[in-house]
Amino acid sequence: MTMNAEPARHSASDIERAARLSVAPMMDWTDRSCRYFHRLISARALLYTEMVTAPALVRGGALHLLDFDAAEQPVALQLGGSDPFELAQAARMGARAGYAEINLNCGCPSDRVQSGTFGAVLMRDPGLVARCVMAMRDATDVPVTVKCRIGVDDQDPETVLPEFLARIVAAGCERVTIHARKAWLQGLSPKENRDVPPLDYDLVMRMKQLFPNLHISINGGVDGLDAAVSLLDQGLDGVMIGRAAYHQPWDILSNADAAIWGDVPRARAPEDVAHAMMPYAQAHVDAGGKLSQVTRHMLGLFAGRPGARAWRRTLSEHAVRPGADARLIETALSHMEEARAA
Ligand SMILES: Cc1cc2nc3c(=O)[nH]c(=O)nc-3n(C[C@H](O)[C@H](O)[C@H](O)COP(=O)(O)O)c2cc1C
């Protein structure tokens, strides 16, 4: 679990291929333990970090936020910020740490983020976003990408989205992920902003027709691998999945390598992944971490399967206890087997 000092580089085209399916950046969820776990299920999908703010890196010197394990690759670092100079420095730090892509958050609606002029509020200032992208591009040699909404508040997405895309493409943005709904910056919580504003996939499809050379990933409400494959079949370049990948990682990710990249299907069961997490979990505990910080991401591994409740309950009740170690994963598996046999 060391930070990779000499990072294995992926070429821009490798990352573009990986971006056919990605797991969304999710604060407090897609930390390095979560990404390590997801990587054991899919060798191919592009994984995103949680948002890391440029001020935290540049002014706060919080370099530990960049730590990750080389086994997680390909991983994209998502940055939050709106100061081109600071974002350029943060992008450079991210590229040096070995991230395969640097992504700018233009979609997050939370108050804290608005007050720092990060996230979705940037949809109102495409000129500033373009300057940020340009500065980040100049600072690094890894792809610079943007994750955005279709608009905010009373904006008309039909007009603002194409203008936004034209500006960021001209600035050198190599790929964009569009969360296919507006964000309401007043009146809705971040959680409501992920469900209440209606999805408009058609608009994203039309953007692909308007910008045929821009790699466009769609995000929002994709609840299964079949849905992702169907969106790719309709001409989109990539699909990003957030909550479903977190809550049902096996269903979403285990067949992805075969279904999306044509790999030979691997004969594996979710139990194999649980076992494969044990050395990682133990190393985390041995380094002074809590087992629950790793196992909390694994609760959904058996979602929808017999015994899933026993698995979840064993991990969530016991992983927080003092002295809990990786053997709990085996205990949880045996409780699940017992529940299945009962
Ligand atoms: C717990 C949580 C945290 C999130 N944090 C971020 C974030 O840091 N950056 C970001 O761009 N989006 C963030 N999002 C939004 C997701 O990336 C994604 O756009 C959204 O969940 C819609 O996709 P889905 O319907 O597949 O979940 C977060 C979502 C959740 C559920």
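Residues numbered from 1 in each chain as written. Predicted model: local features only at pLDDT ≥ 70, side-chain atom pairs only at ≥ 80, totals over all residues.

A look at the domain arrangement of the chain
By the assigned domains, the chain splits into domain 1 (12-261) and domain 2 (270-341). The centre of domain 1, based on its C-alpha atoms, is set 30 Å off from the matching centre of domain 2. On the side of domain 2, 14 residues touch domain 1, which itself brings 12 residues to the contact. Taken together, the elements giving at least two residues each to the side of domain 1 that touches domain 2 come down to helix 2 (32-41), helix 10 (243-247) and helix 11 (249-253). Among the elements that line the side of domain 1 that touches domain 2, the one with the most residues is helix 2, at 6 residues. Its residues assigned to classes, the side of domain 1 that touches domain 2 comprises 8 nonpolar, 3 polar and 1 charged. (Domains from an automatic or database assignment. Contact = placed C-beta atoms within 7 Å. Helix = DSSP H or I, 4+ residues; strand = E, 2+ residues; numbered from the N terminus. Nonpolar A, V, L, I, M, F, W, Y, C, P; charged D, E, K, R; others polar.)

Some thoughts on the UniProt feature "active site" (unreviewed entry) in the chain
UniProt marks Cys 108 with the feature "active site" (unreviewed entry), using the numbering shown here. By the secondary structure assignment, Cys 108 is in the loop between strand 4 (101-106) and helix 5 (111-115). (UniProt positions renumbered as here; feature names shortened; annotations may be inferred.)

Some thoughts on unusual backbone geometry
Apart from glycine, the bulk of residues carry a negative phi angle, and the bulk of peptide bonds sit in the trans form. Geometrically, the link from Gln 73 to Pro 74 is a cis peptide bond, its omega value of 0° lying close to zero. Mapped onto the fold, Pro 74 is located in the loop between helix 3 (54-58) and strand 3 (75-80). Residues other than glycine seldom take positive phi values, yet Asp 28 does so here, at roughly 75°. Along the chain, Asp 28 falls in the loop between strand 1 (21-23) and helix 2. With a phi close to 45°, Asp 153 is a non-glycine residue in the positive phi region. Structurally, the position occupied by Asp 153 is in the loop between strand 5 (144-148) and helix 7 (157-170).

Looking at the nonpolar core
Counting residues in each nonpolar core, the largest one holds 99 residues, and the members touching the most others are Leu 87, Ala 91, Val 133, Met 136, Ile 168 and Ile 241. Considering each element in turn, this core owes the most residues, 7 residues, to helix 6 (residues 126-139). Here this core spans two domains, and each of domain 1 (12-261) and domain 2 (270-341) adds at least three residues to it. Contact partners of Val 133, with chain neighbours within four places excluded, come to Leu 104, Val 144, Val 146, Ile 168, Ala 171, Gly 172 and Cys 173. (Core = buried A, V, L, I, M, F, W, Y, C linked by C-beta atoms within 7 Å. Buried ≥ 20, exposed ≤ 12 C-beta atoms within 10 Å, placed from the backbone.)

Considerations on helix 2
Burial of helix 2 is extensive: 10 of the 10 residues sit out of reach of the surface. Those residues of helix 2 that are buried are in contact with strand 1, strand 2 (46-53), strand 3, helix 11, helix 13 (270-286) and helix 14 (291-295).

Observations concerning the site of the ligand
Inspection of the region around the ligand gives 23 residues, with Ala 24, Met 26, Met 51, Gly 242 and Arg 243 positioned closest. Listed by contribution, the elements that provide at least two residues to the shell around the ligand are strand 2 and helix 10. (Near = placed C-beta within 6 Å.)

Focus on the pairing of strand 8 (residues 238-241)
Neither face of strand 8 is open: one carries Gly 238 and Met 240, the other Val 239 and Ile 241, and all of them are buried. Of the strand pairs in this sheet, strand 1 and strand 8 are connected by 3 bridges, and their pairing is parallel. Along strand 8, the bridge assignment pairs Ser 22 with Met 240. In this sheet, strand 8 lies alongside strand 7 (residues 215-219) in parallel orientation, the contact comprising 3 bridges. By the bridge assignment, Ile 218 is partnered in strand 8 with Val 239. In this fold, the crossover linking strand 7 to strand 8 by way of helix 9 (residues 225-233) has right-handed handedness. (Pairing = 2+ DSSP bridges. Right-handed = clockwise from strand over helix to strand, strands pointing away.)

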